Amino acid sequence: MTMAGFFPNLTKIHDTANPHPFYPIDANVVGYLANEWSVPKLLGVFFAGCGVELSITLLIVNRFNPRLSKSDKAALLWFVVSGTIHLFFEGYFAYNHATMPARQDPFGQMWKEYAYSDSRYMTSDAFVLCMESVTAALWGPLSYVVVWMIATEHPVRHPLQALVSTGQIYGDILYYATSLFDHHFKGLTYYRPEVYFFWAYYFFMNFIWIVIPGILLVNSIRATARAFQALDKQSDVSLAKGQAKKTN
């Protein structure tokens, strides 16, 4: 079976009776043009780009600081990918949101494919636009700062890592909550009825940004706790030595 057999051309789903294939069917999607690329091609471009970026990053890190542990390298690579997605991919949406339905460049087609699970990306929804703008402007650049701090073993690494991870988790929770609120209390469903759009696109692709940042947040909290514990012990030792000198 070919790749197309596993990933049918979902970009071609379109009822000619409707001006667009998104849900709800009466969503105000202006200037929609069907994607020209198939899903396997879009995925291939995305993962190839990530693969090249991660390979180059790992090569540089191994030469710059070969002492880094595997866990630190994994965290560094995560923030490289996060920074790129936040700053460039999500920043692309924030900048081009008004013309997104008609865009045919790779990023535009990827967003249209994803919008089968959330049509708010095709209608300049206020929450989605504000959330993506903040993500691109703050968490994108700060992810790259965390990358540098991990590579240089900077002492501020864990506070900043905790901040970025918390921001990612918070944004994701609000993203889920606003969509599900509209679904259950307003009767607005933004995803198509096919189950894979909800579970593969809407749920899984976003849940990653809760699981991994959650792990990194816990790691940073533990590292910070250990640092304060060590500082307290050092202070106790210094205080004991000082009292001993006074006694003598």
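For every chain, the first residue of the written sequence is number 1, and numbering continues from 1 along that sequence. Residue-level local features of this predicted model are given only where pLDDT is at least 70; pairs of side-chain atoms are given and counted only at 80 or more, and the full residue set underlies all totals for whole chains, interfaces and linings. With hydrogens and water excluded, all non-hydrogen atoms of the structure serve as input to the side-chain values.

Undergrad: Kindly report on the pattern of salt bridges, identifying the contributing residues and their values.
TA: In the sections that follow, a salt bridge refers to a side-chain nitrogen of Lys or Arg positioned within 4 Å of a carboxyl oxygen of Asp or Glu. Scanning the model with the defined rule gives six salt bridges in all. Its salt-bridge partner being Arg120, residue Asp118 comes within 3.0 Å of it at the nearest N-O pair. Each member of the pair, Asp118 as well as Arg120, carries the same accessibility label: buried. The buried label applies to any residue whose accessible area, calculated with a 1.4 Å probe on protein chains only, is under 20% of its type's maximum; exposed applies above 50%, and partly exposed to all values in between.

Undergrad: Describe the packing of aromatic side chains, and please don't skip the residues or the numbers.
TA: Between 30 and 60 degrees the pair is tilted, below 30 it is stacked and above 60 it is edge-to-face, where a pair is any two Phe, Tyr or Trp rings, Trp via its six-membered ring, whose centres lie within 6.5 Å. Per the stated rule, a full pass over the model turns up 26 aromatic pairs. Ring centres of Tyr175 and Tyr176 lie 6.3 Å apart, and the angle between their planes is 45°; this geometry places the pair in the tilted category. By relative accessible area, which is 1% here, Tyr175 ends up buried. Looking at Tyr176, the relative accessible area reads 11%, which means it is buried. Throughout this description, the term charge over a ring refers to an Arg CZ or Lys NZ atom that lies within 6 Å of the ring centre and within 35 degrees of the ring normal. When the ring centre of Trp37 is taken as origin, the NZ or CZ atom of Lys41, which lies over that ring, is 4.3 Å away.

Undergrad: Can you explain the layout of surface pockets? Please cite residues and give values.
TA: Grid points spaced at 1 Å over the protein atoms alone were grouped into cavities, where a 1.4 Å probe fits but cannot get out, and pockets, open sets with protein on both sides within 12 Å along at least five of seven lines, with lining residues defined by an atom within 4 Å of a point. Grid points are joined across faces, edges and corners, and a volume is the space filled by probe spheres set on the points. Here the largest pocket defines a volume of roughly 910 Å³. As for the largest pocket, its lining consists of 33 residues, and the residues nearest its centre are Phe46, Ile85, Phe89, Met205 and Trp209. Strands are runs of DSSP state E lasting at least 2 residues, helices are runs of H or I lasting at least 4, and numbering of each runs from the N terminus. Breaking the lining of the largest pocket down by element, the ones donating at least two residues are helix H2 (39–64), helix H3 (70–96), helix H4 (106–114), helix H5 (126–152), helix H6 (157–185) and helix H7 (195–247). The biggest single contributor to the lining of the largest pocket is H2, with seven residues. Broken down by class, the residue content of the lining of the largest pocket amounts to 23 nonpolar, six polar and four charged. Taken as a whole, the second largest pocket encloses approximately 220 Å³ of empty space. Amino acids are sorted into nonpolar (Ala, Val, Leu, Ile, Met, Phe, Trp, Tyr, Cys and Pro), charged (Asp, Glu, Lys and Arg) and polar (every other residue, Gly among them).

Undergrad: Describe a nonpolar patch on the surface, naming the residues involved and giving the relevant values.
TA: On the surface, Val52, Ile56, Ile60 and Phe64 cluster together to form a nonpolar patch covering roughly 410 Å² of accessible area. Relative to the assigned elements, Ile60 resides in helix H2. A patch consists of residues exposed above 30% relative accessible area that lack any salt bridge, with like charges linked at up to 9 Å and nonpolar side chains (Val, Leu, Ile, Met, Phe, Trp, Tyr) linked at up to 5 Å. Using a 1.4 Å probe, accessible areas were evaluated by the Shrake-Rupley method; residue-level cover was limited to the displayed protein chains.

Read these as geometric descriptors, not functional statements.
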